[in-house]
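# Observations on the three-dimensional arrangement
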Amino acid sequence: MKTWIEKQQALIDFTLASLARRKLKNLGLLLVYTLIVFLLASVMLFTHALRHEAAQVLKNSPEVIVQRMVAGRHDLIPPGYLNRLGRIRGVQKKEGRLWGYYYDAVVKANYTFMVPTAGASAAGKVANGKIVIGAAVARERGLLPGNLISFRSYSGRLFSFAVAEVLPHSAELVSADLILLSEADYRAFFEIPAGHYTDIALSVANPQEVRNIAAKLAETLPDSRPILREEVLRTYESIFNWREGIVLVLLSGSIFAFAIFAWEKASGLSAEEKREIGILKAIGWETGDVLKMKFWEGALVSLTAFLLGYIAAYLHVFRFSSGLFEPVLKGWAVLYPRFELVPVVDGFQVATLFFFTVFPYTVATIVPIWRAAITDPDAVMRG
Amino acid sequence: MLSRKSQRAFVFLVCILAAFLLTFADSASRQAEHATLLAANGRLVEQLGLTDLCLFTEARYTRHPSQADLHSAFQDHPLGLEHFPSGSLLPPPRNLTASYENLDRKTTSAD
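Residues numbered from 1 in each chain as written. Chains lettered and ligands numbered in written order. Predicted model: local features only at pLDDT ≥ 70, side-chain atom pairs only at ≥ 80, totals over all residues.

Check the secondary structure of chain A and you find 14 helices and eleven strands. For a compact globule of 383 residues, the expected C-alpha radius of gyration is about 21 Å, and chain A comes in at 31 Å, more than 25% above that figure. In terms of its C-alpha atoms, chain A occupies a principal-axis envelope of roughly 95 × 50 × 40 Å. Here chain A, with 383 residues, has 37% of them falling under the buried criterion. Relative to all contacts within chain A whose residues are 6 or more apart in sequence, the contacts with residues 24 or more apart total 80%. (Helix = DSSP H or I, 4+ residues; strand = E, 2+ residues; numbered from the N terminus. Rg over C-alpha atoms; globule rule 2.2 N^0.38 Å. Buried ≥ 20, exposed ≤ 12 C-beta atoms within 10 Å, placed from the backbone. Contact = placed C-beta atoms within 7 Å.)

Here's what the structure looks like:
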């Protein structure tokens with residue numbers, strides 16, 4: 001055992017000396033390799049943590065939301081609609097919701113105006129003339145509790161509100177752009193007559209009945225569109241799916257570039273490397289030794305790149321709030337939540353990343369060496 | 001003491017491996033810390049009846065993707081193609097893109 005360890009140590013010594021001879025090239029490779037792992041791991045950690053957070057938080061959202069569609073567009077719920085819903089068996093509670101969007105031309109941001117549901121606790125209720133605002137709105141408009149703010153409604157009238165409270169920073173992921181106001185203020189601001197609602201939230205006594213109730217809804221109210229909580233959760237399960245959109249397009253370019261680079265570096269042996277193998281074989285190295293040496297080279301480079309890339313990605317996502325992704329995620333939005341994700345790491349995903357980054361490189365290093373190592377040393381040295 | 005290159009490389013690898021394992025320990029300890037915040041956010045969602053994460057505030061179908069319908073990305077005018085950058089990051093809700101059961105072969109009357 002001791003001799004085996006000694007032998008491997010000697011091989012690693014030789015490998016490191018050989019790598020050091022082409023220092024710039026190998027350091028460049030290590031840097032690019034680490035960057036690729038960093039990018040992939042960052043996306044992986046970020047999306048997994050976000051999905052976990054969405055699932056944890058949104059499992060408390062309403063069981064069924066009923067929207068009304070008119071000519072393919074979401075329309076207001078007219079008076080009397082709620083009563084017609086009451087006849088569906090299994091519906092425990094039904095509540096009209098009032099919410100909508102407001103574009104603030106001052107900071108060019110979109111806000112979500114919302115009336116807390118009747119079921120909200122006394123602390124969750126908002127008095128007339130007051131608003132409760134999300135932390136991003138407070139930051140963008142420089143507001144503190146007690147300050148006054150005016151919004152020009154879509155009818156052109158100016159409405160002033162006093163900030164009663166700012167929602168906590170830790171809740172930004174769900175409430176950054178929220179402005180909560182009373183029902184009377186909401187109806188006056190958007191000129192929505194009494195009895196009309198944006199949509200309806202239903203709670204169902206038996207969770208297994210939800211699908212049946214959705215089917216009954218579609219039958220009783222053909223113009224309605226029920227959205228189930230499980231659909232909401234599924235939507236967030238597939239959020240930033242690796243198969244979708246721009247993330248993959250951007251990443252695939254760099255991954256392919258790296259694949260070509262690594263393949264070229266690993267498989268296209270330079271004349272110098274070929275000569276080295278020839279000399280080693282001529283002075284008595286066996287094919288197995290040459291392969292082991294190259295295995296150590298591949299393993300050391302890829303393992304170092306994987307570990308460094310992964311650690312950097314972890315720090316980036318969970319300690320520096322994914323700062324590099326911010327411009328991409330922000331898009332054209334002015335309001336962007338500042339949030340710290342719960343560091344949830346999926347061991348299986350890390351193992352998959354390890355397999356797809358370390359394994360191909362190690363194999364790509366060994367195969368061409370094996371081809372060179374089994375040929376005659378004289379032929380290899382002559383090129 | 002660490003005269004050989006292999007020994008130095010080994011020490012370096014052990015260090016970064018330890019840092020790698022530390023990330024898992026860090027994740028476990030911070031999950032416990034975040035549990036109360038997560039529960040508070042869950043309560044806020046329940047109280048207000050929220051349905052979506054506030055990730056992209058630029059368009060209504062990216063602010064509330066679960067409440068949007070398939071056409072909302074193109075509603076500005078008939079040929080108004082979806083133009084918000086977040087739209088390319090966010091897939092449409094899965095329930096909208098799932099295909100319906102093919103019923104044409106089950107009809108008994110001729111079309």
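As a further point, take the interface of chain B and chain A. On the chain A side, the residues contacting the 53 residues of chain B number 67 residues. Taken together, the elements giving at least two residues each to the side of chain B that touches chain A come down to α1 (5-48), α2 (60-63) and α3 (94-97) of chain B. The greatest single-element share of the side of chain B that touches chain A, amounting to 25 residues, is contributed by α1 of chain B. Class assignment for the residues of the side of chain B that touches chain A results in 25 nonpolar, 18 polar and ten charged. (Nonpolar A, V, L, I, M, F, W, Y, C, P; charged D, E, K, R; others polar.)

Our focus in this paragraph is the sheet that holds strand β6 (residues 130-133) of chain A. Residues and elements named next belong to chain A. Taken together, six strands build an open sheet; the order of strands is β4-β5-β9-β6-β8-β7 and the sheet is mixed. With partners counted over all chains shown, the strands left at the sheet margins are β4 (99-104) and β7 (148-152), one partner each. Pairwise comparison of adjacent strand axes, ignoring direction, gives a mean angle of 40° for this sheet. One ladder, built from three bridges, connects β6 with strand β9 (residues 178-181); its direction is antiparallel. If you follow I131 over to β9, its bridge partner there is L181. (Pairing = 2+ DSSP bridges. Axes fitted to C-alpha atoms, helices over the stretch in contact; angles between N-to-C directions.)

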